[in-house]
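Structural overview for review
Listed here are the chains, written in short residue letters.
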Amino acid sequence: EDQVTQSPEALRLQEGESSSLNCSYTVSGLRGLFWYRQDPGKGPEFLFTLYSAGEEKEKERLKATLTKKESFLHITAPKPEDSATYLCAVQAPGGGSQGNLIFGKGTKLSVKP
Amino acid sequence: KAGVTQTPRYLIKTRGQQVTLSCSPISGHRSVSWYQQTPGQGLQFLFEYFSETQRNKGNFPGRFSGRQFSNSRSEMNVSTLELGDSALYLCASSLEGSEQYFGPGTRLTVT
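We now turn to the structure provided with this report.

**Quick notes on the overall build of chain B**
Across its full length, chain B carries 0 helices and 11 strands. Ordering the α and β elements of chain B from the N terminus gives β-β-β-β-β-β-β-β-β-β-β. Compactness check: chain B gives a C-alpha radius of gyration of 13 Å against a globular reference of 13 Å for 111 residues, within 12% of the reference. In terms of its C-alpha atoms, chain B occupies a principal-axis envelope of roughly 35 × 25 × 25 Å. Every one of the 111 residues in chain B was classed for burial, and the buried ones make up 51%. Pairs at least 24 apart in sequence give 52% of the contacts found in chain B among residues at least 6 apart. Carbon and sulfur atoms make up 48% of the accessible area of chain B, which totals about 5200 Å². Here chain B carries 11 positive and 7 negative side-chain charges, and the mean point of each set is 6 Å from the other.

**So, the interface of chain A and chain B**
Contacts between the two partners involve 19 residues from chain A and, on the opposite side, 21 residues from chain B. In this assembly, chain A packs against chain B so that about 1500 Å² is buried in total across both faces, 50% of it on carbon and sulfur atoms. Here chain A is connected to chain B by 0 salt bridges. One can count 4 residue pairs in polar contact (both at pLDDT 80 or more) joining chain A with chain B.

**Digging into the nonpolar core**
By size, the foremost hydrophobic cluster in this structure holds 23 residues, and its most contacted members are Leu33, Trp35, Leu73 and Tyr86 of chain A. Residue assignment for this core shows that the elements contributing at least two residues are strand 2 (10-14), strand 3 (19-26), strand 4 (33-38), strand 5 (45-50), strand 7 (62-66), strand 8 (70-75), strand 9 (84-91) and strand 11 (107-112) of chain A. The biggest single contributor to this core is strand 9 of chain A, with 4 residues. The contacts of Leu73 of chain A, once residues within four sequence positions are left out, are Ser19, Ser20, Leu21, Trp35, Phe48, Leu62, Lys63, Ala64 and Tyr86 of chain A. One finds Val19, Leu21, Cys23 and Leu81 of chain B within the second-largest nonpolar core, a separate group that totals 21 residues.

Definitions and limits used
Within each chain, residues carry numbers counting from 1 in the order of the written sequence. Each chain is given a letter, starting from A, and each ligand a number, starting from 1, according to the order in which they appear as written. In keeping with the model being predicted, local features are shown solely for residues with a pLDDT of at least 70 and side-chain atom pairs are shown and tallied solely at 80 or more, while totals for entire chains, interfaces and linings include all residues. Excluded from the side-chain calculation are hydrogens and water; included are all heavy atoms of the structure. Secondary structure follows DSSP: runs of H or I at least 4 residues long count as helices, runs of E at least 2 residues long count as strands, and numbering of each begins at the N terminus. As defined in this context, the radius of gyration uses C-alpha atoms, and a globule is described by 2.2 Å times the residue total to the power 0.38. For every residue, the accessible area (1.4 Å probe, protein chains only) is compared with the maximum for its type, and the residue is labelled buried under 20%, exposed over 50%, or partly exposed between those bounds. By definition in these notes, contact holds between two residues if any of their heavy atoms fall within 4.5 Å. All accessible-area figures derive from a Shrake-Rupley calculation using a 1.4 Å probe, and residue coverage is judged against the displayed protein chains alone. Charge convention: Lys and Arg are scored as positive, Asp and Glu as negative, and His as well as the terminal groups of each chain are ignored. By convention, the charge on Lys lies at NZ, on Arg at CZ, on Asp at CG and on Glu at CD. What gets called buried area is simply the loss in accessible area from a 1.4 Å probe that two parts show on being joined, summed for both. By definition, a salt bridge exists where a carboxyl oxygen of Asp or Glu is found within 4 Å of a side-chain nitrogen of Lys or Arg. What qualifies as a polar contact is a pair of N or O atoms within 3.5 Å, subject to a donor-acceptor requirement within protein and to the restriction that residues adjacent in sequence count only when both atoms come from side chains. In these notes, a set of buried Ala, Val, Leu, Ile, Met, Phe, Trp, Tyr and Cys residues joined through side-chain atoms within 4.5 Å is what counts as a nonpolar core.

Shown next, in the form of structure tokens:
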């Protein structure tokens, strides 16, 4: 069964303390892996799309990387405003679109000043 | 550019009733997907519409249905509501072959 597993479930960091979030996936023929950020009471906000092993993308303090079995979201020198739930998703196989995503349950990140 | 909008934002219904939720995609986006988000199951795919046609469907009972109009606006309907249908319902739109952008969601509470 196609599955996306994120770890840890929750992560508490001090401001400036860098760390990484993990997303492992078991889907045949990966056609896209997505990272989203979700703040309480809001819809997920798109961050990155990765397509092939070795690919990396960066945005401000965030950097996403992809291997054949997992993806990492590295957070460098986080600030309190980076506190949110980070969601990982993969495009479901079979369909021809990116409109059908399989999501992990997320990592809730808290950054304390 | 306006984002994805969803109405209503909050809804309280009684078990056995039905409900219709609405989604207006980003201008120019023809693909609209619906997801259910609960604390226990996370985000789960309901269905996707493209040019008024259902393109994909998730593993939900037939009580969940949807449609898309010629202007790409979409509605989803849940009939015979159950307590377990209480959730945040999220709509997302995208250009073909591109990433999805989510709306703020509709919080449905079934009592």
